[in-house]
Amino acid sequence: MKKIIFFLVILIIIGCNPKKTTAQNQQNDSLPKIESIITDFEGILSPNEEAKLTHMIVDFEKETSVEIVIVTIKSIKPYDDIFDYSLDLANKTGVGKKDKSNGIMIVVSNSLRKIQIQNGDGIVPIISNEKTKEIVGQIMIPEFKEGHHFKGLEKGINKIMELLR
């Protein structure tokens, strides 16, 4: 009987942290709804560029089952960090096959000058966080600095696809 009461008390304590839960819920509620492979809230891609990237991603998913989603955003508020923002957005969106955790979310903010690639747990053994940073820093950012957003995304995605094939 004492063990049951002890476990009930522990469950109540764990469940009664309203500050953390409320803050997390407010952040998650502020995340945009993503319903397509590319959601360009910043308008940095032309319709033609968006169609080309979508086609690449759809073909790659058919070949490998890996899901890739691209989101461009102007703000990450109420978040302070794009890593946390993109991680929560990827989790909320459910990118990747649930049983494989093989999703990749690319979040770009031209106005904030930030980019984050979130790899699902099934991707990390193949493309480490260090390799992802390399792709961003050496392939994507140089193109973004020149104002070539499409080219930066295309080259970055091609490198990701190459590594996952």
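Higher on the page you've got the structure.
Here is a short report on the structure shown in this document. These figures come from a predicted structure and were not determined experimentally. (Residues numbered from 1 in each chain as written. Predicted model: local features only at pLDDT ≥ 70, side-chain atom pairs only at ≥ 80, totals over all residues. Heavy atoms only, no water.)

Quick look at the overall build of the chain now. Counting its regular elements, the chain contains six helices and four strands. Listing each helix as α and each strand as β along the chain from the N terminus yields α-α-β-α-β-α-β-β-α-α. With 165 residues in all, the chain has 38% of them scored as buried. Sequence-distant contacts in the chain: of pairs separated by 6 or more residues, those separated by 24 or more amount to 63%. Approximately 10100 Å² of the chain is accessible, and the part contributed by carbon and sulfur atoms is 55%. (Helix = DSSP H or I, 4+ residues; strand = E, 2+ residues; numbered from the N terminus. Buried < 20%, exposed > 50% of the residue type's maximum accessible area, 1.4 Å probe, protein only. Contact = heavy atoms within 4.5 Å. Areas by Shrake-Rupley, 256 points an atom, 1.4 Å probe, with all protein chains shown as cover.)

Applying the stated criterion across every chain yields a total of eight salt bridges. For R165, the salt bridge goes to E63, with nearest N and O atoms at 2.9 Å. Pair noted here: R165 is in the segment after α6 (149-164) and E63 is in helix α3 (residues 47-64), with a separation of 102 residues, a long-range link. Note on E63: relative accessible area 49%, which makes it partly exposed. With a closest N to O distance of 3.2 Å, E162 and K159 form a salt bridge. (Salt bridge = Lys/Arg side-chain N within 4 Å of Asp/Glu carboxyl O.)

What follows deals with helix α5 (residues 129-145). Look at α5: 22 Å from first C-alpha to last across 17 residues, which is about the 24 Å you get at 1.5 Å a residue. A bend of about 30° at I139 is the largest found in α5, and the proline P142 appears one to four places after it. Here α5 has its buried residues at T132, I135, V136, M140, E143 and F144. On its buried face, α5 is in contact with β3 (103-109), β4 (114-119) and α6. Among the residues trailing α5, G147 stands out with phi positive, at a value near 85°. (Expected span 1.5 Å × (residues − 1). Bend = angle between axes of the 7 residues up to and from the residue.)

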